[in-house]
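Observations on the model geometry
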Amino acid sequence: MKKDTYTDLASIAINSYRDLKVWQLGVSLTKQVYLLTRDFPKSETYGLSSQMQRAAVSIPSNLAEGHARDSTQEFLRFIAIALGSLAELETQLIVAEQLEYITNPKLQEILTKTDEIQRMLRGLQKSLKAKLS
């Protein structure tokens, strides 16, 4: 196996970051966040809206960049960054709900997706760490 080919949780060869289901979910989450923040007050355009959009887009972006790097170790570092962005986004979503910018059912819907992405990122992380051992 080439050093730039990784294996996802189902042991399918991954030749592009676009093949990663977690990347695909991250892009879907990013779209959802952008659509959600459209309805935020205009006063949040450069505040919470912008922060949420940056955190969301950071998740699949870091997976793409990490996959493009030369080593599994570097990919692991970018997965860790994606996990940090995911935690940041979850916090911002909770703040948005407390400010009544989003409803609790909408918050729960998105948190279900972030939980799934987190599990997938942790699984990918574990799989890659096992390759290093």
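Residues numbered from 1 in each chain as written. Predicted model: local features only at pLDDT ≥ 70, side-chain atom pairs only at ≥ 80, totals over all residues. Heavy atoms only, no water.

1. Structural notes on the packing of helix α2 (residues 48–68) against helix α3 (residues 72–98)
Remark: α2 packs on α3, axes separated minimally by 8 Å, with the N-to-C direction vectors making an angle of 160°. In terms of axis orientation, α2 runs roughly antiparallel to α3. In the crossing of α2 with α3, the sense of the turn from one axis to the other is left-handed. Among the residues making up the contact of α2 with α3, the classes are represented as 16 nonpolar, seven polar and two charged. (Axes fitted to C-alpha atoms, helices over the stretch in contact; angles between N-to-C directions. Helix = DSSP H or I, 4+ residues; strand = E, 2+ residues; numbered from the N terminus. Parallel < 35°, antiparallel > 145°, perpendicular 65-115°, else oblique. Left-handed = near helix turned anticlockwise from the far one by under 90°. Nonpolar A, V, L, I, M, F, W, Y, C, P; charged D, E, K, R; others polar.)

2. Quick word on the confidence of the model for the protein chain
The pLDDT averaged across the protein chain works out to 91; a share of 89% of its residues lies at or above 70. Low confidence marks residues 1–11, where pLDDT is under 50. Its contacts with residues over four positions away, or in another chain, come to 29 contacts. (pLDDT = per-residue confidence, 0-100. Contact = heavy atoms within 4.5 Å.)

3. Considerations on the side chain of Lys-113
Relative to the helices and strands, Lys-113 is located in helix α4 (residues 104–132). Glu-109 provides the closest opposite charge to the buried, salt-bridge-free Lys-113, at an N-O distance of 6.6 Å. At a separation of 2.8 Å, a polar atom in the side chain of Lys-113 contacts the side chain of Ser-28. In contact with Lys-113, not counting residues within four places along its chain, are Leu-25, Ser-28, Leu-29 and Gln-32. (Buried < 20%, exposed > 50% of the residue type's maximum accessible area, 1.4 Å probe, protein only. Lys, Arg positive; Asp, Glu negative; His and termini not counted. Salt bridge = Lys/Arg side-chain N within 4 Å of Asp/Glu carboxyl O. Polar contact = N/O pair within 3.5 Å; in protein donor to acceptor, adjacent residues only side chain to side chain.)

4. A few points about the pattern of salt bridges
In total, this model carries three salt bridges according to the counting rule given. Between Glu-74 and Arg-69 there is a salt bridge whose closest N-O contact spans 3.3 Å. You can call Glu-74 partly exposed: its relative accessible area is 23%. The exposure class assigned to Arg-69 is partly exposed, which follows from its relative accessible area of 30%. Lys-106 is the partner of Glu-109 in a salt bridge, and the nearest nitrogen-oxygen pair spans 3.5 Å. Of this pair, Glu-109 and Lys-106 both sit in helix α4, separated by three residues, roughly a single helical turn. Look at Lys-106 and you get partly exposed, because its relative accessible area is 29%. One network of salt bridges, in which partners are shared, links Glu-65, Arg-69 and Glu-74.

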